[in-house]
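Results of the structural survey
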Amino acid sequence: MENLFVFDHPLIQHKISLMRDKHTSTKEFRELASETSMLMAYEVTRDLPVEEVEIETPIAIAKTKVLSGKKLAIVPILRAGLGMVDGMLSLIPMAKVGHIGLYRDPETLEAIEYYCKLPEDIADRDVIVLDPMLATGGSAIAAVSFLKDKGITNIRYMCLIAAPEGVNALHDSHPDVPIFCAALDEKLNENAYIIPGLGDAGDRLFGTK
Ligand code: PRP
Ligand code: URA
């Protein structure tokens, strides 16, 4: 599928398997979410533009490369997206962080916004949206639409586990937004949970159930 990137790195696959295990503790789950996000950050940022600069080493002048182009912002979707922030920031510490609060109405499955705080200069940044689970795609579509309304033109979406239904829905609504995930699962169940998935990501991260 175009614009969908499933990371098959062994470390990523191993950590996702541990996260799926219902016996994994909240503490371990949180650590694994952070570590997996850090490994994914490496791949998600693979095509960032660089420019050549000259740097004086103790030996000679080196013609070498540094990041160029727009600055980055990461935007976790509350609450479960928070579990991916530390891992991302450990690789891209200069990124600013915005927050969008959305929850799925359990009856309608519609994404309801309850919080939003973005960096003032967000329109001048490239944005990576973070959320562990892409299920129906309702939350992702709402978050991306919201960011586009703020004038952001370059948006990437990064999740841990995606369902085909969510991938298709996000692609249909926002075909320009690449989707990066660690696993593409089978389908959704009747409550719109991902099968086999890992359960409720927010509850597992924060120990609320
Ligand atoms: C979960 C998850 C996504 C959303 C995915 O959040 O973190 O945001 O569901 O589902 P969708 O693709 O069908 O929209 P939830 O609504 O459970 O809120 P929480 O993060 O506060 O637990
Ligand atoms: N949200 C979750 O946390 N898990 C799912 O499987 C689907 C939506």
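Residues numbered from 1 in each chain as written. Chains lettered and ligands numbered in written order. Predicted model: local features only at pLDDT ≥ 70, side-chain atom pairs only at ≥ 80, totals over all residues. Heavy atoms only, no water.

Looking now at the overall build of the protein chain. Along its length, the protein chain carries six helices and 15 strands. Here the C-alpha atoms of the protein chain give a radius of gyration of 18 Å, agreeing with the 17 Å that 2.2 N^0.38 yields for 209 residues. Each principal axis of the C-alpha distribution contributes one length, and for the protein chain these read about 65 × 40 × 30 Å. By the burial criterion, 45% of the 209 residues in the protein chain qualify as buried. Relative to all contacts within the protein chain whose residues are 6 or more apart in sequence, the contacts with residues 24 or more apart total 64%. With an accessible surface of roughly 10,900 Å², the protein chain has 53% of that area assigned to carbon and sulfur atoms. (Helix = DSSP H or I, 4+ residues; strand = E, 2+ residues; numbered from the N terminus. Rg over C-alpha atoms; globule rule 2.2 N^0.38 Å. Buried < 20%, exposed > 50% of the residue type's maximum accessible area, 1.4 Å probe, protein only. Contact = heavy atoms within 4.5 Å. Areas by Shrake-Rupley, 256 points an atom, 1.4 Å probe, with all protein chains shown as cover.)

With that settled, consider the site of ligand 1. Residues in contact with ligand 1 amount to 15 residues; listed here are only the nearest, Arg104, Asp131, Thr136, Gly137 and Ser139. At a separation of 3.1 Å, an oxygen atom of ligand 1 approaches a polar backbone atom of alanine 80. Residue threonine 136 places a side-chain N or O atom 2.5 Å away from an oxygen atom belonging to ligand 1. Across the complex, the protein chains shield 90% of the 500 Å² of accessible surface that ligand 1 would expose by itself. Elements supplying a minimum of two residues to the shell around ligand 1: strand S6 (99–104), strand S9 (133–134) and helix H4 (138–149). Among the residues making up the shell around ligand 1, the classes are represented as six nonpolar, five polar and four charged. (Near = heavy atom within 4 Å. Polar contact = N/O pair within 3.5 Å; in protein donor to acceptor, adjacent residues only side chain to side chain. Nonpolar A, V, L, I, M, F, W, Y, C, P; charged D, E, K, R; others polar.)

On to the site of ligand 2. Close to ligand 2 lie Arg104, Met133, Ala135, Ala192, Tyr193, Ile194, Gly199, Asp200 and Ala201, which account for all nearby residues. Isoleucine 194 is positioned such that a nitrogen or oxygen atom in its backbone is 2.8 Å from an oxygen atom of ligand 2. In this structure, an oxygen atom belonging to ligand 2 sits 2.8 Å away from a main-chain N or O atom of alanine 201. Within the complex, 89% of the 240 Å² of free accessible area of ligand 2 lies under protein. Looking at the shell around ligand 2 residue by residue, the classes come out as six nonpolar, one polar and two charged.

Now for the pairing of strand S3 (residues 61–67). Of the strand pairs in this sheet, strand S2 (residues 50–56) and S3 are connected by seven bridges, and their pairing is antiparallel. Bridge assignment links glutamate 54 to a residue of S3, and that residue is lysine 63. (Pairing = 2+ DSSP bridges.)

A few words now on the sheet that holds S9. The three strands lie next to each other as S9-S11-S13, forming an open sheet whose pairing is parallel. Taken across any chain shown, the strands that pair with only one partner, and hence form the sheet edges, are S9 and strand S13 (183–184). Examined bridge by bridge, S9 and strand S11 (residues 161–162) share two bridges and lie parallel to one another. Among the inter-strand pairings, methionine 133 is bridged to a residue of S11, identified as isoleucine 161.

The quantities given are spatial measurements derived from coordinates; they are silent on function.
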